[in-house]
Amino acid sequence: MKLDYSAIESKWKKIWAETELYKVVEDSTLPKYYVLDMFPYPSGAGLHVGHPLGYVASDIYARHKRMTGFNVLHPMGYDAFGLPAEQYALDTGVHPAKSTSDNIKRYRAQLDNIGFSFDWSRQVRTDDPAYYRWTQWIFLNLFQHYYDNTADKAQPISTLIEHFRKSGSTGINAASSSHPAFTASDWQKMTPAEKESMLMNYRLAYRKTGFVNWCEALGTVLANDEVKDGVSERGGHPVVQKEMMQWALRVTAYAERLLNGMDNIQWSESLKAIQRNWIGRSEGAFIDFKVDSDKVIKVFTTRPDTIFGSTFLVLAKDHELVKSISSSAQKDFIEAYSERSKSRVADNKSGGEKNLDGAWTGAYALHPITNTKIPIWIADYVLSDYGTGAIMAVPSGDERDLAFATHHQLEVVEVIDRSGLEGAGIEDKEGTLINSSFLDGMTVEKAIQHMLTYLDKNNLGTKQIAYKLRDANFSRQRYWGEPFPIFYDADGLVHEMDISSLPHELPDLDDFKPSPDGRSPLARLDAWARPSANKFLETDTMPGYAGSSWYFLRYMDPNNTGEFVSKKAINYWQDVDLYVGGVEHAVGHLMYSRFWHKFLYDLDYVPTQEPFKKLVNQGMIQGVVESLILLKKRHEGKVHFISADLIKSKGLSQDAYSAIPVHIDFVSAYGQPNSHLTTEGIKSFIEWRNEYADAVFESADGTLHTLGDQEGALIETLSEVGKMSKRYHNVVNPDDVIEKYGADCFRMYEMFLGPIEQSKPWDMMGIEGINKFLRKFWSLYYNDQEEWIVDDVEPNKDSYKVLHATIKKTNEDIERFSFNTAISQFMICVNELRKSGEQANKILAPLVQLMAPFAPFIAEEIWQKLGHDESIHKSTFPTHDEKWLVNTSTVYPVCINGKKRSEITLSVDTPKEQIETSAKALPEIQKWLEGQTIKKTIVIPGKMVNIVI
RNA sequence: GCCAGAGUGGCGGAAUUGGUAGACGCGCUGGAUUCAAAAUCCAGUAUUCGCAAGGAUGUGCGGGUUCAAUUCCCGCCUCUGGUACCA
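Residues numbered from 1 in each chain as written. Chains lettered and ligands numbered in written order. Predicted model: local features only at pLDDT ≥ 70, side-chain atom pairs only at ≥ 80, totals over all residues. Heavy atoms only, no water.

The tally for this structure, following the rule as stated, stands at 33 salt bridges. Among the salt bridges present, the one from R63 reaches D59, with a minimum N-O distance of 2.8 Å. Highlighted residues: R63 and D59, both in helix α2 (residues 52-67), separated by 4 residues, approximately one helical turn. Residue R63 is classed as buried on the basis of its relative accessible area of 1%. Residue D59 is classed as buried on the basis of its relative accessible area, which comes to 0%. With a shortest N-O distance of 3.3 Å, E86 and R478 are connected by a salt bridge. Placement of E86 in helix α3 (residues 83-92) and of R478 in the loop between β19 (472-473) and β20 (486-488) is noted, with a sequence separation of 392 residues between them. (Salt bridge = Lys/Arg side-chain N within 4 Å of Asp/Glu carboxyl O. Helix = DSSP H or I, 4+ residues; strand = E, 2+ residues; numbered from the N terminus. Buried < 20%, exposed > 50% of the residue type's maximum accessible area, 1.4 Å probe, protein only.)

As structure tokens, this is what we get:
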């Protein structure tokens, strides 16, 4: 029989589906293992070869776990709500519900083609009302809870209300937006609106007015992690700060636990570092500065030791005291500054230059220790939502303060002597205190501790921890998301929908375009948004990360209509043992999921504190992207493009060209590099940038391809070099590769490219090697005449040796996620067996099993031919037998001072001493040792004998 | 700037706890087969001196520990990713 992948693949795809081979149920007699992939959002582009990289790895791992006795949960689903799906719908004009479903069908077909072992009976999709009903339910839970810092967990808001009723704000230690003090009777006197706004200070899901990231082009606000370098992560549209009333999640309440929780999970150090960085914990102090009147400005500093160098205070522009303390004489200055500041917001992404703009309020504060008057300023460089939104500026100890002080000619007082410390920066925590009264002579470290105690003792301040982490914006002014289970009455008070009324379904809407005015498309659907005279539904929707923050729990019990997941299921599956996905979710999805999980833990809905025990980040598969350079001179009056490679090969000076590289892909269908300027490439380039439809392209052979006149037109540099994306015309569809080489070959090649964590460019050069290997592997079972040649003969000894070495290595390599080295070992093994003409069942049967996780189709086909009724994927993975690995004799290199001088053949179980003596007795060794003193002899069993002289 | 990770042939990459660096694959060179090509098979392939046997050098750079360092320590350089008025 000839190796016919496509026949084998379609045969087994059908059988696996019919027999529900990969369906899994809870089984208390087996240990569980949960292998999870980050589910895709079904975009219109379909999967490219980069997507399945992680899926293939986790599939191999899941299959191996199954074959080694674990009950493996390995599900898949779709992140169907959110911006990408909606953006695609907008681009094509097709309703997101339809385009999402169409895309899902396409994804499913592509995934099935690759032969994954997902249990599709557990599929979830976030846009399914039966699913998002529980997303809404979790949201309501967040709304109904606050974070009690003393108990260090979430508590029902009713407990808080009870406390307010009895004792007001006294004794409350909870995560909150602000901490107004009030008594029990104050509470009783509050209006419902006042009570509501007070509780909003504490709720884990709350509404607030504040500056948010507004993206005009997308028509919605975005969370901090959805904004990169001042533009939206999706689409790269500009983002500005806009003041809006929005829902937010109090993720900051969990900052400390999110930080500490990472100590006990197996994530890469770099990923943990990214999360730590994002949380951004710093220890310092709140210090009170009295203003002339009885007002107090609380500042945050990590350097209380430098307080004697503090020569002015700076407030953020929207600090609550700005208005009340500003003197009328300064009003004009402040207003002028405020105007400048507003217009600047939009372009502050340009970065680089520090912004030194600011204005004096006209007011002074009293230095808490020296009681001198120091001026209070307002400046852009102080952020309102970090620390207290106010700082004590110490120009001698902080570069920004120094720059600001120099610019505005403010006083600078040196407080740290660094004379002995060459090259130390002004912010380094080194040196000795000077000009600092009772701190003089102390080291920085000591002075910090001393001040903390001093502040506390004298009631001037408290030790405090600040985080960079901000509460997460949770409102989107978009159509394609979960509606909030929230409505407002005529007074604007917030009401929860009844849990029994969930799901609160997203209505059908034909015109789902976002509007630039910040109103959600749902607001246009009056009949839905205003069901009765006094009832106004929340028209914003939840962000993309809502549904993805808990989907991994739903897989455990996907069809439960009474609970988000049953106790029985969650107690069996517990948590995700292995999570595989892209590092791009490091601060978004992974942070929110951990936050939600910890919240659900507090409510006793899940038994574990962390959702993902082990996490592996697969690298990105990149497309090959070529740089083009725009020629300065026009060619017969036309803009002239030439490839960077061509410039090099012609020895042309780049100076002749304006150095504006533009990255354009000219990769042909299978990702062959070096294709330079192909007609196809030019066509797709022009399609993309039709303003260059008339340019001139010079190809590698010197031919000029004519096009038009656009002189002087600048081409911006594309930053995402290497990414495989439609935009670069370098997307390779796995289906095409599979059609040519088969799914097994595709899987193995993706794994063979290199370590899973590494990013690497896709090139098809090496795939022939895998293809060749699979044919060789097949030829162990079928000879050239296409006859089955496996027999029950007794294998030769060397076959056992190589087989068992391969078994051992495969088990180890899969466990440590090193699939490329396992495949190398297969190649060695197959070559050896072919050389010796091995035909024995005893060798060839276990070999197929080794290959089963990697090449499930071919393995299954051969397994059946070997006479097994049950699927190979239900069989038990081979384990190695040490006895076949032990060599009967070993060649020891005999070295003198580490240099190999001879060899000696001995049995492995020869005693060390005897090896030593035999080695020294060798004539060529004796020659070397003549007249030398032997310092010692080192024998490494099985490896070498080293004589040190 | 700060944090994290990584630098090994022409290329992708091996070397799991320090033990013969370059496994495996690609590419390249030569040969066999063929009328020829494709496919397949065999041999070679770090650099350098040498006809060869063999020698010397070699894992970003400079030091160190060790009989022995890609691996451990110290100091640099470069690249990648994250982050950036975070007080």
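This part covers a negative patch on the surface. Residues E399, E427, D428 and E430 make up a contiguous surface patch of negative charge. Examined against the element boundaries, E427 turns out to sit in the loop between β16 (416-417) and β17 (432-433). On the basis of relative accessible area, E427 is assigned to the partly exposed category, the value being 37%. (Patch = residues over 30% accessible without salt bridge, like charges linked within 9 Å, V, L, I, M, F, W, Y side chains within 5 Å. Areas by Shrake-Rupley, 256 points an atom, 1.4 Å probe, with all protein chains shown as cover. Lys, Arg positive; Asp, Glu negative; His and termini not counted. Charge placed at Lys NZ, Arg CZ, Asp CG, Glu CD.)

Moving on, we come to the nonpolar core. In this structure, W247, F474, Y551, M748, Y781 and L847 are the most contacted members of the largest nonpolar core, which totals 179 residues. No other element matches the 9 residues that helix α5 (residues 129-143) contributes to this core. Setting aside residues up to four positions removed in sequence, Y551 forms contacts with L36, D37, M38, F39, V124, Y131, Y579 and H589. One finds I334, A359, V394 and M451 within the second-largest nonpolar core, a separate group that totals 37 residues. (Core = buried A, V, L, I, M, F, W, Y, C linked by side-chain atoms within 4.5 Å. Contact = heavy atoms within 4.5 Å.)

In this section: the packing of α2 against helix α25 (residues 797-815). Interhelical geometry of α2 versus α25 gives an angle of 125° and a closest axis separation of 10 Å. By the criterion of interaxial angle, the relationship of α2 to α25 is oblique. Crossing geometry of α2 relative to α25 is assigned as left-handed. Residues I60, Y61, H64 and K65 of α2 pack against N811, I814 and E815 of α25. Of the residues contributing to the contact of α2 with α25, the split by class is 3 nonpolar, 2 polar and 2 charged. (Axes fitted to C-alpha atoms, helices over the stretch in contact; angles between N-to-C directions. Parallel < 35°, antiparallel > 145°, perpendicular 65-115°, else oblique. Left-handed = near helix turned anticlockwise from the far one by under 90°. Nonpolar A, V, L, I, M, F, W, Y, C, P; charged D, E, K, R; others polar.)

The omega torsion of the bond from L502 to P503 falls at 0°, within 30 degrees of zero and hence cis. Along the chain, P503 turns up in the loop between β21 (494-496) and α15 (526-529). Its identity is not glycine, yet Q409 carries a phi of approximately 55°, on the positive side. Note on Q409: relative accessible area 74%, which makes it exposed.

Here we come to the pairing of strand β23 (residues 576-582). Within β23, 7 of the 7 residues are buried, which leaves the element mostly enclosed by the surrounding structure. Pairing geometry for strand β1 (residues 32-37) and β23, over 3 bridges, is parallel. Looking at β23, one finds that V35 is bridged to L578. Handedness of the crossover joining β23 and strand β24 (residues 612-618) through helix α19 (residues 589-602) is recorded here as right-handed. (Pairing = 2+ DSSP bridges. Right-handed = clockwise from strand over helix to strand, strands pointing away.)

Take the confidence of the model for chain A next. Within chain A, residue pLDDT values average 84, and 86% of them lie at 70 or more. For residues 345-352, every residue scores under 50 in pLDDT, and the model assigns this stretch 5 contacts once sequence neighbours within four places are set aside. In this model, residues 651-678 is a region of pLDDT below 50 whose contacts with residues beyond four sequence positions or in other chains number 82 contacts. Both confidence scores are given for the complex: pTM 0.88, ipTM 0.94. (pLDDT = per-residue confidence, 0-100.)

Bringing the environment of G581 into the picture now. Relative to the helices and strands, G581 is located in strand β23. By relative accessible area, which is 3% here, G581 ends up buried. Once the C-alpha coordinates of G581 and I465 are considered, the two residues, 116 residues apart in sequence, prove to be 32 Å apart. Setting aside chain neighbours within four positions, we find G581 in contact with M38, V616, N617 and Q618.

Each strand in a sheet pairs with another by means of backbone hydrogen bonds, the pair being arranged parallel or else antiparallel. If you trace the 3 strands from one edge of the open sheet to the other, you get β21-β20-β22, paired in antiparallel fashion. Each having just a single partner strand, β21 and β22 (536-537) make up the two edges of the open sheet.

In this model helix α1 (residues 5-18) runs 20 Å from its N-terminal to its C-terminal C-alpha over 14 residues, within 8% of the 20 Å that 1.5 Å per residue would give. Within the span of α1, buried status applies to Y5, I8, E9, W12 and W16. Burial along α1 is one-sided: seen end-on, the buried residues are contained in an arc of 95°. What points out from α1, more than 90 degrees from its buried face, is the exposed set K14, A17 and E18. Lining the buried residues of α1 we find α2, α4 (96-114), α22 (734-741), α23 (743-752), α24 (767-779) and α28 (856-865). Immediately beyond the C-terminal end of α1, within one or two residues, lies E20, with a positive phi of roughly 50°. (Expected span 1.5 Å × (residues − 1). Arc of directions from axis to C-beta.)

This part takes up the sheet that holds β1. Strand order across the open sheet formed by 4 strands is β2-β1-β23-β24, with parallel pairing between neighbours. Lying at the two open borders of the sheet, with one neighbouring strand each, are β2 (71-73) and β24. Across the sheet, the axes of successive neighbouring strands diverge by a mean angle of 20°, strand direction being ignored. The sheet contacts of α2 involve β1, β2, β23 and β24, and relative to β1 the element is tilted by about 170°.

With that settled, the discussion passes to the environment of S327. As for its position among the elements, S327 is in the loop between α11 (322-325) and α12 (331-345). As a C-alpha pair, S327 and T361 span 34 residues in sequence and 6.3 Å in three-dimensional space. Not counting residues within four places of it along the chain, the set of residues in contact with S327 comprises T361 and G362.

The next subject is the packing of aromatic side chains. Each aromatic ring pair is specified by the distance between its two centres and by the angle formed by the two planes. Evaluated as defined, the whole model comprises 60 aromatic pairs. Geometrically, the ring pair formed by F143 and W247 is edge-to-face, given 5.8 Å between the ring centres and 65° between the ring planes. Of this pair, F143 sits in helix α5 while W247 sits in strand β9 (residues 240-249); the two residues are 104 residues apart in sequence, bridging distant segments of the chain. The class for F143 is buried, based on a relative accessible area of 3%. For W247, a relative accessible area of 0% puts it in the buried group. Measuring from ring centre to ring centre gives 5.7 Å for F164 and Y202, while their planes differ by 65°; the resulting arrangement is edge-to-face. (Phe/Tyr/Trp six-rings, centres within 6.5 Å; stacked < 30°, edge-to-face > 60°.)

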